[in-house]
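So you can see what is in the structure, the chains are spelled out below.
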Amino acid sequence: MKIATWNVNSLRVRLPQVIDWLQQHDVDILCLQELKLPDDKFPLEALQEIGYQAAWAGQPTYNGVALVSKLPGTEVQRNLPDFEDPQQRLIAATYETEAGPLRVASAYCPNGEALDSDKFIYKMAWFEAFHSWLAKEQKKYPQLVVLGDYNIAPADIDVHDPKRWEGKVHTSPEEREHFQALLQMGFVDAFRAHHPDDPGFSWWDYRRRAFARDAGLRIDHALVSQALWPHCVDAWVDKDPRSNTQPSDHTPVVIQLSI
DNA sequence: ATGGTCGTCTCACGA
């Protein structure tokens, strides 16, 4: 089965591209971030017409996450428990497979704006709560995948110009420690584990012709639990949608599981 | 040179 993540930066604008992409690729579950639409504007019918179901957590203007899937999800969890937050950044659901229950989460981790900002303090607090939640979640669901926009480039290979990004959000030691803490829990960074030497950028700034210069970052990740990792046969970045007319600034990351 | 470009109930703010 194939599971993907895509920060679409407005599902209203990107819906035709999402539908095209789902029809071109045999993806079982697509994790979306930055829907930027309220719950009553979620385009469920358009997705149902091409054979998908969905669970979502939206809000007007900002944030918003969804799970778009061929099979229905159960035990849907919206946002982090024990972390009061009006920003809709997380949704998780359980899918029945022949190998047993598979838990899937779609995460839109905070951007952080700048290292000396209040939003960075919020980012650090959010990751603390995310870590605590995942520790419990992985005990409950050994087969767990957590895909999304982490807004962290875990190492210098994930950065087109590490010098230029020094002291900026996405690459700071504090952020990287949070990402490493997730790996220390047993999660595997699927793309990096399968492709140790490929930068695998997933985001390019709209400004300064960043995509044309390949001036990107790898900030969208698929973390696979220890128990599931032997079944993760590959992971890749699909750069094609970034070349679309009116593209998202992010492009999809995909994992293939042999379950 | 700290610029630029998107998206949003837009002329400000978040990314």
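Look up: the structure comes first, before these words.
Quick look at the structure, then. (Residues numbered from 1 in each chain as written. Chains lettered and ligands numbered in written order. Predicted model: local features only at pLDDT ≥ 70, side-chain atom pairs only at ≥ 80, totals over all residues. Heavy atoms only, no water.)

A short note on the packing of helix H3 (residues 118-140) against helix H5 (residues 173-184)
Right, on to step 1. The N-to-C vectors of H3 and H5 enclose an angle of 5 degrees; their axes lie 10 Å apart at closest approach. The pairing of H3 with H5 is recorded here as roughly parallel in orientation. Judged by residue contacts, Phe 120, Lys 123, Met 124, Phe 127, Glu 128, Phe 130, His 131 and Leu 134 of H3 engage Glu 174, Glu 175, His 178, Ala 181 and Leu 182 from H5.
Right, on to step 2. Partitioning the contact of H3 with H5 into residue classes produces seven nonpolar, two polar and four charged. (Axes fitted to C-alpha atoms, helices over the stretch in contact; angles between N-to-C directions. Helix = DSSP H or I, 4+ residues; strand = E, 2+ residues; numbered from the N terminus. Parallel < 35°, antiparallel > 145°, perpendicular 65-115°, else oblique. Contact = heavy atoms within 4.5 Å. Nonpolar A, V, L, I, M, F, W, Y, C, P; charged D, E, K, R; others polar.)

Some words on the protein's contact with DNA strand B
Right, on to step 1. Close to DNA strand B lie 16 residues, the nearest being Ser 10, Arg 12, Arg 14, Arg 207 and Arg 208.
Right, on to step 2. The share of sugar and phosphate among atoms of DNA strand B within 4 Å of the protein is 63%.
Right, on to step 3. With respect to DNA strand B, the side chain of Arg 12 contributes an N or O atom lying 2.5 Å from a phosphate oxygen.
Right, on to step 4. Residue Lys 119 places a side-chain N or O atom 3.4 Å away from a phosphate oxygen belonging to DNA strand B.
Right, on to step 5. If you tally residues by element for the surface near DNA strand B, the top one is helix H1 (residues 11-24), at three residues.
Right, on to step 6. Considered class by class, the residues forming the surface near DNA strand B number four nonpolar, five polar and seven charged. (Near = heavy atom within 4 Å. Polar contact = N/O pair within 3.5 Å; in protein donor to acceptor, adjacent residues only side chain to side chain.)

Some points on the environment of Ala 125
Right, on to step 1. By secondary structure assignment, the location of Ala 125 is in helix H3.
Right, on to step 2. Residues Ala 125 and Trp 203, 78 residues apart in the sequence, show an inter-C-alpha distance of 24 Å.

Quick notes on the packing of aromatic side chains
Right, on to step 1. Under the defined criterion, the tally for this structure stands at 10 aromatic pairs.
Right, on to step 2. For the pair Trp 165 and Trp 203, a centre-to-centre distance of 6.3 Å together with 85 degrees between the ring planes defines the contact as edge-to-face. Taken as a pair, Trp 165 in helix H4 (residues 162-165) and Trp 203 in strand E10 (residues 203-204) lie far apart in primary sequence, 38 residues in all.
Right, on to step 3. On the accessibility criterion, Trp 165 (13% relative accessible area) is buried.
Right, on to step 4. On the basis of relative accessible area, Trp 203 is assigned to the buried category, the value being 11%.
Right, on to step 5. Joined through ring pairs, the aromatic side chains of Trp 126, Phe 127, Phe 130, Tyr 150 and Phe 179 make up one cluster. (Phe/Tyr/Trp six-rings, centres within 6.5 Å; stacked < 30°, edge-to-face > 60°. Buried < 20%, exposed > 50% of the residue type's maximum accessible area, 1.4 Å probe, protein only.)

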